[in-house]
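Letter by letter, the chains look like this.
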Amino acid sequence: MNNIENKEIISLRKDLDLLDAKIIELLMSRFSITQQIGKLKKALQIEVTDQVREQQILSRIENLVETLSICDDCTTQIESISQIYKIIMAESRKLQNNL
């Protein structure tokens, strides 16, 4: 690997670091809202798990990926992002169950 390629990799990794910071900030905001919803669900004696809502989220995410992506076939990206969202929703349920 030559010096120019190495500098480009370092620059791209710095871009990733900035994106990671934004993702963490957004996740923390999302989890804060999740906890607020959990408190309301607890007060209203509503079940934490809402499979209909979770399926709506996954469908909306799939549509967003297709709309926002520059890929011709976004199957891999949709699968990857769907898996990430399944983990996010599972962690959100944990937060709500622990209130």
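The shown structure was predicted, so the numbers you read here are calculated from the model rather than taken from an experiment.

A few words now on the layout of surface pockets. Estimated volume of the largest pocket: approximately 480 Å³. Along the walls of the largest pocket sit 18 residues, with Ile23, Ile81, Ile84, Tyr85 and Ile88 positioned nearest its centre. In terms of residue count, helix α1 (residues 3-43) provides more of the lining of the largest pocket than any other element does, six residues in total. Grouping the amino acids of the lining of the largest pocket by side-chain chemistry returns 14 nonpolar, two polar and two charged. In this structure, the second largest pocket encloses a volume near 300 Å³. Around the second largest pocket sit 14 residues that line it, and Arg30, Ile37, Arg53, Ile57 and Gln96 are the ones nearest its centre.

What follows concerns the nonpolar core. Ile57, Leu58, Ile61, Val65, Cys74, Ile78 and Met89 form the largest nonpolar core, which has seven residues in total. Listed by contribution, the elements that provide at least two residues to this core are α2 (51-68) and α3 (75-97). Broken down by element, the residue count for this core peaks at four residues, all from α2. Ignoring sequence-local partners within four residues, the contact set of cysteine 74 consists of Val65 and Ser69.

Scoring rules and cut-offs
Residues numbered from 1 in each chain as written. Predicted model: local features only at pLDDT ≥ 70, side-chain atom pairs only at ≥ 80, totals over all residues. Heavy atoms only, no water. 1 Å grid on protein atoms, 1.4 Å probe; cavity = no way out; pocket = protein on both sides within 12 Å on 5 of 7 lines; lining within 4 Å. Points joined across faces, edges and corners; volume = space filled by probe spheres on them. Helix = DSSP H or I, 4+ residues; strand = E, 2+ residues; numbered from the N terminus. Nonpolar A, V, L, I, M, F, W, Y, C, P; charged D, E, K, R; others polar. Core = buried A, V, L, I, M, F, W, Y, C linked by side-chain atoms within 4.5 Å. Buried < 20%, exposed > 50% of the residue type's maximum accessible area, 1.4 Å probe, protein only. Contact = heavy atoms within 4.5 Å.

These results come straight from atomic positions and should not be treated as a statement about function.
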